Amino acid sequence: MKTLQSTLAALALGTLVVLAAACASRAGKSTGDRQTIVGDVATGPTPEPAGLPQTIPVEPAPGPPMVQEEMVVDAQLSRMASAFAPGYDALDAEEYAHTGENRFVNVSRDPLSTFALEVDGASYANVRRLLNRGRMPAPDAVRVEEFVNYFSYDYPRPTGRDPLRVNYEVGACPWNPAHRLVSIGVAAREIPSDGLPAANFVFLIDVSGSMYGRLPLVVASMKLLVNNLRPEDRVAIVTYAGSDRLALPPTPGSDRQKIREVLDGLASGGSTAGAAGLTTAYNVARQNFIEGGNNRIILATDGDFNVGQSSDEAMEALIERERRGGVFLTVLGYGMGNLKDKKMQILAEKGNGNHAYIDNIQEANRVLVGEFGGTMYAVAKDVKLQVEFNPARVSAFRLVGYESRLLAHEDFNDDTKDAGEIGAGHTVTALYEIVPADSGSGAGSIDPLKYPRPAATPAYTSDIHTRELATVKIRYKQPDGDVSSRIEMPIVDRAAAPSDEFRFASAAAMFAQLLRGSDFSGEATYAIVAGEARRGLGNDPNGYRRELVRLAEVAAGLDASTGR
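*Asks:* Give a description of the packing of aromatic side chains that names residues and reports values.
*Replies:* In this structure the tally under the stated criterion is 14 aromatic pairs. Relative to Phe 147, the ring of Tyr 124 has its centre 5.3 Å away and its plane inclined at 85°; by these criteria the two rings are edge-to-face. Of this pair, Tyr 124 sits in helix H6 (residues 122–132) while Phe 147 sits in helix H7 (residues 144–149), and the two are 23 residues apart along the sequence. By relative accessible area, Phe 147 is classed as buried at 1%. Judged by centre distance (6.4 Å) and plane angle (85°), the rings of Tyr 150 and Tyr 544 are edge-to-face. Taken together, the positions of Tyr 150 in the loop between H7 and strand S3 (164–172) and Tyr 544 in helix H18 (residues 544–562) put the pair 394 residues apart, joining distant regions of the chain. On the accessibility criterion, Tyr 150 (3% relative accessible area) is buried. Taken together, the ring pairs connect Tyr 124, Phe 147, Tyr 150, Phe 151, Phe 504, Phe 511, Tyr 526 and Tyr 544 into an aromatic cluster. One cation-aromatic arrangement involves Arg 366 over Tyr 544; the distance from NZ or CZ to the ring centre is 5.9 Å.

*Asks:* Describe helix H16 (residues 500–516), with residues and values.
*Replies:* The α-helix advances 3.6 residues per turn, and as a result positions three or four apart in sequence lie on the same side. Helix length check: H16 (17 residues) gives 24 Å between terminal C-alpha atoms against 24 Å at 1.5 Å per residue, within 8%. Immediately downstream of H16, the backbone of Gly 517 shows phi near 70°, a positive value.

*Asks:* I'd like a description of the packing of helix H17 (residues 526–535) against H18, backed by residues and values.
*Replies:* Direction vectors running N to C along H17 and H18 enclose 175°, while the axes themselves pass 9 Å from each other. Of the possible angle classes, the one that applies to H17 and H18 is roughly antiparallel. From H17, Tyr 526, Val 529, Ala 530, Ala 533 and Arg 534 reach across to H18, where they touch Leu 548, Val 549, Ala 552, Glu 553, Ala 555, Ala 556 and Asp 559. Its residues assigned to classes, the contact of H17 with H18 shows nine nonpolar, no polar and three charged.

Parameters at a glance
Residues numbered from 1 in each chain as written. Predicted model: local features only at pLDDT ≥ 70, side-chain atom pairs only at ≥ 80, totals over all residues. Heavy atoms only, no water. Phe/Tyr/Trp six-rings, centres within 6.5 Å; stacked < 30°, edge-to-face > 60°. Helix = DSSP H or I, 4+ residues; strand = E, 2+ residues; numbered from the N terminus. Buried < 20%, exposed > 50% of the residue type's maximum accessible area, 1.4 Å probe, protein only. Lys NZ or Arg CZ within 6 Å of the ring centre and 35° of its normal. Expected span 1.5 Å × (residues − 1). Axes fitted to C-alpha atoms, helices over the stretch in contact; angles between N-to-C directions. Parallel < 35°, antiparallel > 145°, perpendicular 65-115°, else oblique. Contact = heavy atoms within 4.5 Å. Nonpolar A, V, L, I, M, F, W, Y, C, P; charged D, E, K, R; others polar.

Below you can see the structure in the form of structure tokens.
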């Protein structure tokens, strides 16, 4: 009986180690090692996780005394386990925004395509986590452009005054041979880490109960970032659960040990006052604003805001108000089973920010160390892309992905409209599936228009212009600027063998379309994805591209087993 009482007392302390030990003590007293573990933990200083009850009332069922005692332990284990991170993993409570995919647009009706350009890879990393756990993703979890842009591409870099350079390539569409695929690649200027401006970072860390089990990974991730700090950089730490607090006032980057000690002291528990935490973080960032510096909030959360301004509309309004102060936002998602991806997308898109998903320390290292400059410092903000297609060469087009980033055509020249940001050294790719005017291939038809359109001056009047498929235009602002600059380039379809970059980007897009169940996946299969990706591996020192090949093979097996 003493053993059982000790076990129940340890369970009330709520540690994962004790859960395992309690199972051991109930399984039999002959297991000496397991009994020693119970004794060690029961007498040691084990802290109780915040937000868990001191005792859990259990009504024992009728039966012999020892059977009742064992049933009490079973009930305690079951209820306590549900309060820990593994319980969240078992819940199907992830939330993704629903967006219908882009359709083909008839060029004779509308020759323009306009959207905000950005570099995010959160969707790919999250779907990789699901596939590795043997689960096919929900269609809304798959954002095609984030599959493409998870990877870096070897595009020529800018050499002039513009921080961005436009590149393009045209080739056969691998999932529909009757169509052509246009790849538009934008490369940002690379800046060595020691050449970046001084940073004013505010770590905004979710320490609510839903982050229990994820917090150690958050702390480890932030420590990787701390290793990159310089003496001129400053870091403050704001945490939020049921309420928010300033855990660390602005501290020089040279005092790394102090920053690490505060991170090590964080504990989780309570509800999630995300709006209050964001407000405090923005206040701290503004009070310590560095003119000409890199002022940025780094939010680590599962996105589960449930106290205060938790509606999407209220969060969007809050972020839009605050972004005008020149403070950027990086959103790091850590949810597993309870991931609120929809809210994190709103935060990143409306807050001049970017969004990454962190499911392990390797991904944290990729985002926060390997791509430090790109993740943490923008060389261009409010980046917009507009393509005008030539009706003499193209009958219809479809933007592959970017559904949540579409803009009205007049927004392209409107400098008050928010758009995406591109970080130092990053590359971003957009793909268009086009129907050549002379292909005889249809992409949907409409009745002839009853009312003729006003006559317009032909855009293409000479022989050299009629070779152009389209013209691509980009607008961007300097990180601290309010007036945009413009880059323009014509696109010509030159017959040439596809590059490794073209092959791999198209394979990533094809993979995402299959996982989404796209209406436009055509002849695509997972085998074709794997084959095209293999041919486009190119220089892959870290194995990221090769991993996509493996994931395509995993998805093929899961797809067959579920009968999708």
